[in-house]
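Listed below, chain by chain, are the residues.
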Amino acid sequence: MKQRGQEAWRRGPHLLAVLVLLIFFRAASAQLRYSISEELKEGSFVGNIAKDLGIDLNLMKQRGFRIMPGSSESLFKVNENDGVLYASHKIDREEVCKESSVCLINLKTVLENPLEVHYVTVEITDLNDHSPTFPEKTKRLEISESALPGARYQLQNAHDPDGGTNSVQQYKISQNDHFRLEVKDRGRDGKTPILQLQRQLDRETKRSHKLILTAVDGGNPPKTGTVEIYIDVLDVNDNMPVFIKDTYSAVLQENAPVGTTVIQVNATDLDDGPNGEVVYSFGSDVKDKIRNLFDIDSVTGEITVKGRIDFEDQDSYDIDIQASDKGNIPFRTDKSVIIKIGDTNDNPPEIEVASLSSAVSEDSRPGTTVALISITDLDSGINGKIISYVAKDSPFTLNPSIQDHMFAVVTKSELDREEQSIYDITIIAKDAGEPALTSEKTISVIVSDTNDNSPKFLVSPYTFYIVENNPPGASVFSVRASDLDEGENSLISYHIFRNASYENKVTSFLNINSETGDILALKSFDFETLKTFQFQVVATDSGTPSLSNNVTVNVFILDQNDNAPVILYPVSSNGSAEGVEEIPRNVNAGHLVTKVRAYDADIGYNGWLLFSLQEVTDHSLFGLDRYTGQIRTLRSFTETDEAGHKLVILVKDNGNVSLSATATVIVKLVEAKEAFAADVKSATKVDEEDNVTFYLMITLGSVSVLFIISIIVLIAMQCSKSTDYTSKYLQETNYDGTLCHSIQYRSGDKRYMLVGPRMSIGSTIVPGSHANTLVLPDRRRASGEVR
C-alpha cells in the first residue's frame, strides 16, 4: 500500500503539467461551437458570442465587433451591441450543405484595436422534412426463366435530401414467393436495393410479377417512398456476363488530357451468338457528373477521360460498370471501378486580406500589427506547403499567427511620414511544388502624422529696411515658417517675443498677424531718433504637444529728406534769419564779409547743404562759396559804390525733393576810422558764433559717428553673405562688395568727407542716396577772417 502511494505521488507532477497544457491550448484556440436545427425562423437565437468569450459589452462596439466576410457570412448576423449571434434568414440544411452528412458552418469574428480573431462553428442539425423518392414511379425488369436462384438485380436508389439518420435507412419489398431484397451499403453513395431471385421463375406459370419497393428513412415518425416494379419473365438466355477480375482500380493524375485511357474492364459470357456478345456501359445509377468526366467504350471496355479532372474537386470516384450480353433477354453484371485522382501542383497560393488597418502612426513601435493575411493552397501534400514573405526594401515583415494559414503584417523598424507617407506592401506566397507556383498581393498602408517636426523659418536671421515716416498700421514686412508635418500639426501661429529689455519698448509698437506672419508698425519711425533695432519672432505649430522655433529680426531705419535746413547764423528772429555786417570801405578783394551757418538733421545727401545767392544788389561786389556759405568781396570798393547792400542767401539740401531756407545779410560800408569799433564788435560776434559752431560740430559729429557705426555694421553683415544677396540691398553700379570708403574734397577753407559706397573718379553723386557728409576741421585760417 505504501509503495502504491509513492508511485501515485511520482505521477502527480506529470499529470499536473498535462492538465496545464490542455488548459493553455483551449485558451489559445478561443473557438466556440453552437448547434441549431434547420428551418428556424429568421432572427432565431444561435448563441451569445460576447458572453461565451468574456468580451466587455462596453468595448465591443467601440472595437468594431463583426463577422469577417466569407461564403457563410449571409447566413448569420451578430448584434454588435450585445454580441448575440442570430440567423439572418430561414436556413435549409439541404440547400446549404448539399450531400454532406454533417453540416458545419465556420465563421470568423473580429475585434479591432487590438486585433482579435475568434472562430465560431455552427452545426445545422437535420429535420426529417423530406420523403424518399425514386427516379421513376414504375420500373420494368426482364428476367429469363432460366435465371437460377440467387440471381441479383440492382434496383434504383431512392433519393432523400435529408442527411444522417433522416436519409434512406432501409428498403422493403412487398410479400412474394420468388424474390427477396438485399441492401448494399455504398458509403457516401447511400444504400442500394438489390433484388435476389430465391426461386426459379416459370414463364408458363406466370408471365410477369408486380412488386412494390418501399424506401424508409430513419425519421421519427419515418417517411416512405415507393416504386412499382414490373418483372417480365423471358426465356432462353440463361448465362450472365462475368468480369475476369474481382476488383478494378486505377490511379489518374489530375488535369489528364481528354482521351487518356484510365483502365480497361473485361467480362465474358458462356453463351454463344448474340447472347454471348458483351457490351459495356455505365450503371444506371451513375450520376451525370461522372458521365461528363469519363466515357466507356461499349466494345472494348476502355474507360477514358472525357472532361477536366480536378483533384481539389474530388480525390476519388467509385463508378458502376455494367456488362450486358446481346441476348433477347440480356443478362447484366455490375462491377465497381475505383479511380483515385493524383494531385499535381496546379493551384497557386491564394492570398486574402482578412483585416487591414486604415492607418498606422509614424511613432508606432516595431512589431505593430497593420494587417491580417490568410494564405491557403488548394493542393495537398508538398504541393500545398507555402513559404510566404514580404518583398524586400520595406519596413514591414510577415509573422505567422497562432491560427493555421493566418499571418500578421507587422512593422519591423520605425516609420517616418515626412520621408514616406504611404507604403505599398507586396506579400509573396510560394508553394513547394515542382515547379513552384507563386502569388503576390499588394496592400497599401498609410502612415499617419505625429507632431515631430518644429516650424522652420525660411531665412535666419531676417534683415529688413524701413524708410522712416512709414504710415502707422501698415504692414512693413513679413516672416514665414514652414512645418514638415501635416494637418493640425503643420498649422503655424506667430507671435513676437517680448521681454523687459530695451527692444521690448520698440516691439511694443509692432504687431504681428498670427496666421500670416505679416508685421505691422503701429507708429511711424524717425531715423533721427532710432536707426536700428532687433527683436525675435516665435513660430508655434498646433500639434499636441506644440513645437516652436524662433528667429531674430534685424531692422534698419532708412533716412528720408524730412528736415529742412536750419539757419544758425544769422540768428533767426520773428521767423526770419537776418543779420547786419559792417566792413571798412577800404578792404581788398577776397575779404571775408561773414559766413552763413546752417545744419540739416538728415544725413547723407539729404543733409548735404548748398548755398546760393538768391538776391543781391550788386553781383560784382560779393561772391558766395556754395559749399561753405562764406561771403567775400569780389573787388575793392569805390567811392561810387553804395554804402548799404542786401544779400538773400538760399540754403537747400540735396534730397530728391529738396528742402530749403533763406537768410538775409545786410552789408554796410563804414569809413576807415570806424573800422576799429567794427572790428571789436565783429570779434565779439565771431566769438559767440564760434561757440555755437563748436556745439554744432559736436552734435553733428555724434550723429555722424552713430551713422558710420550703423553703416559699418550693415556692410559687415552684407559682406558676410553672398554677392547676390548683398547686391539686393546695395544697388550702386560701381560697388564691388568691399567696405565703404570716403571721398574728400575742399571748398573754400573747409575740407569735406563723403562717406558711402565706392565710386570711381568722375562718377556723380546721386541725390537722395544715403551717404553722409562730414565737415573736417581745418587748421588753416583765412587771413581776412576776423575771430
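Only a predicted model underlies this, so the values are computations on that prediction, with no experimental measurement involved. (Residues numbered from 1 in each chain as written. Predicted model: local features only at pLDDT ≥ 70, side-chain atom pairs only at ≥ 80, totals over all residues. Heavy atoms only, no water.)

So, about the overall build of the protein. Check the secondary structure of the protein and you find eight helices and 53 strands. Evaluated residue by residue, the protein yields a buried proportion of 42% over its 787 residues. Counted over contacts in the protein with a minimum sequence separation of 6, partners at least 24 positions apart contribute 66%. Accessible surface, the protein as shown: approximately 43000 Å² in total, 51% of it carbon and sulfur. (Helix = DSSP H or I, 4+ residues; strand = E, 2+ residues; numbered from the N terminus. Buried < 20%, exposed > 50% of the residue type's maximum accessible area, 1.4 Å probe, protein only. Contact = heavy atoms within 4.5 Å. Areas by Shrake-Rupley, 256 points an atom, 1.4 Å probe, with all protein chains shown as cover.)

Residues Asp363, Asp416, Glu419 and Asp452 make up a contiguous surface patch of negative charge. As for its position among the elements, Asp452 is in the loop between β31 (438-448) and β32 (456-457). Overall, Asp452 belongs to the partly exposed group, its relative accessible area being 39%. (Patch = residues over 30% accessible without salt bridge, like charges linked within 9 Å, V, L, I, M, F, W, Y side chains within 5 Å. Salt bridge = Lys/Arg side-chain N within 4 Å of Asp/Glu carboxyl O. Lys, Arg positive; Asp, Glu negative; His and termini not counted. Charge placed at Lys NZ, Arg CZ, Asp CG, Glu CD.)

Using a probe with the size of a water molecule, rolled over the atoms, empty space left in the structure can be pinpointed. All told, the structure shown has one cavity of 30 Å³ or more when counted by the stated rule. Considering only residue class, the lining of the largest cavity consists of five nonpolar, two polar and two charged. (1 Å grid on protein atoms, 1.4 Å probe; cavity = no way out; pocket = protein on both sides within 12 Å on 5 of 7 lines; lining within 4 Å. Points joined across faces, edges and corners; volume = space filled by probe spheres on them. Nonpolar A, V, L, I, M, F, W, Y, C, P; charged D, E, K, R; others polar.)

A separate point is the pairing of strand β33 (residues 462-467). Counted residue by residue, β33 has five buried out of six residues, so it is predominantly covered. As paired strands, β33 and strand β40 (residues 548-558) are joined by six bridges and run parallel to one another. Paired with Tyr462 across the strands is Val553, a residue of β40. (Pairing = 2+ DSSP bridges.)

Below, the discussion takes up the pattern of salt bridges. All chains considered together, the criterion is met by 16 salt bridges. One salt bridge connects Glu486 with Arg417, and the closest N-O pair in it is separated by 3.5 Å. Highlighted residues: Glu486 in the loop between β35 (481-482) and β36 (492-497) and Arg417 in the loop between β29 (406-411) and β30 (422-431), separated in sequence by 69 residues. Linking Asp518 and Arg480 is a salt bridge whose minimum nitrogen-to-oxygen distance equals 3.3 Å. In this pair, Asp518 sits in strand β38 (residues 518-521) while Arg480 sits in the loop between β34 (475-478) and β35, placing the two residues 38 residues apart along the sequence.

In this section: the sheet that holds β31. Strand order across the open sheet formed by four strands is β25-β31-β30-β27, with mixed pairing between neighbours. For this open sheet the edge positions go to β25 (359-361) and β27 (386-390), each flanked by a neighbour on one side alone. In this sheet, adjacent strand axes meet at a mean angle of 30 degrees when their direction is disregarded. (Axes fitted to C-alpha atoms, helices over the stretch in contact; angles between N-to-C directions.)

Turning to the nonpolar core, a few remarks are in order. Core analysis: the biggest nonpolar cluster contains 30 residues, and Val479, Phe535, Val537 and Val553 have the highest contact counts within it. Not counting residues within four places of it along the chain, the set of residues in contact with Phe535 comprises Phe477, Ile496, Thr507, Leu510, Ile519, Val551, Thr552, Val553 and Val555. Counting 28 residues, the second largest nonpolar core, distinct from the first, contains Leu252, Ala256, Phe282 and Ile321. (Core = buried A, V, L, I, M, F, W, Y, C linked by side-chain atoms within 4.5 Å.)

Looking now at the pairing of strand β39 (residues 532-541). Burial of β39 is extensive: seven of the 10 residues sit out of reach of the surface. Where β36 and β39 come together, six bridges link them in antiparallel fashion. Residue Ile492 lies in a different strand from β39, and its bridge partner there is Asp541. When β39 meets β40, the two strands line up antiparallel, connected through nine bridges. For Val537, the partnering residue across the bridge sits in β40 and is Val551. In this structure, the hairpin formed by β39 and β40 is closed by a connection of six residues.

Our focus in this paragraph is the packing of aromatic side chains. The geometry of an aromatic ring pair is captured by two quantities: the separation of the ring centres and the angle between the planes. Counting across every chain of the model gives 13 aromatic pairs. On the basis of an interplanar angle of 5 degrees and a centroid distance of 4.2 Å, the ring pair of Phe464 and Phe477 is categorised as stacked. Linking Phe464 in strand β33 with Phe477 in strand β34, this pair joins segments that are 13 residues apart in sequence. By relative accessible area, which is 16% here, Phe464 ends up buried. Clustering of aromatic rings is evident, with ring pairs tying together Phe457, Tyr462, Phe464, Phe477, Phe525, Phe533 and Phe535. Taking NZ or CZ as reference, Lys523 lies 4.2 Å from the ring centre of Phe509, over its face. (Phe/Tyr/Trp six-rings, centres within 6.5 Å; stacked < 30°, edge-to-face > 60°. Lys NZ or Arg CZ within 6 Å of the ring centre and 35° of its normal.)

For the bond from Ser460 to Pro461, the omega torsion is -10 degrees, close enough to zero to count as cis. Its location among the elements puts Pro461 in the loop between β32 and β33. Positive phi outside glycine occurs at Asp393, with the angle close to 60 degrees. Secondary-structure assignment places Asp393 in the loop between β27 and β28 (396-400).

Glancing now at the sheet that holds strand β26 (residues 369-376). Judged by pairing direction, the sheet is antiparallel, and its four strands sit side by side in the order β24-β26-β29-β28 without closing on themselves. Lying at the two open borders of the sheet, with one neighbouring strand each, are β24 (350-356) and β28. The sheet shows a mean angle of 30 degrees between the axes of neighbouring strands, direction not considered.

Take the environment of Asn345 next. Mapped onto the elements of the fold, Asn345 is located in the loop between β23 (332-342) and β24. Separated by 2.9 Å, the side chain of Asn345 and the backbone oxygen of Pro435 make a polar contact. (Polar contact = N/O pair within 3.5 Å; in protein donor to acceptor, adjacent residues only side chain to side chain.)

Turning our eyes to something else, we now look at a nonpolar patch on the surface. Together, Val705, Ile709 and Val713 make up an exposed nonpolar region whose accessible area comes to about 240 Å². As for its placement among the helices and strands, Ile709 is situated in helix α7 (residues 675-719).

Looking at the element boundaries, His118 is found in strand β7 (residues 116-125). Under the relative-accessibility criterion, His118 is labelled buried at 10%. Separated by 3.1 Å, the side chains of His118 and Glu116 make a polar contact.

With that settled, the discussion passes to the environment of Gln630. On the secondary structure map, Gln630 appears in strand β48 (residues 630-633). When its relative accessible area of 4% is taken as the criterion, Gln630 is described as buried. When the C-alpha positions of Gln630 and Thr594 are compared, they lie 6.1 Å apart, and in sequence the two are 36 residues distant. A polar atom in the side chain of Gln630 sits 3.3 Å from the side chain of Arg632.

With that settled, the discussion passes to the confidence of the model for the protein. Mean pLDDT over the protein stands at 80; residues scoring 70 or higher make up 82%. Here helix α8 (residues 723-727) is the element of the protein with the lowest mean pLDDT, 35, and strand β20 (residues 294-296) is the one with the highest, 95. Ignoring residues within four places in sequence, the model shows residues 1-29, a span with pLDDT below 50, making three contacts including any to other chains. In the predicted structure, residues 721-787 sits below a pLDDT of 50 and forms 135 contacts with residues beyond four places in sequence or in another chain. (pLDDT = per-residue confidence, 0-100.)

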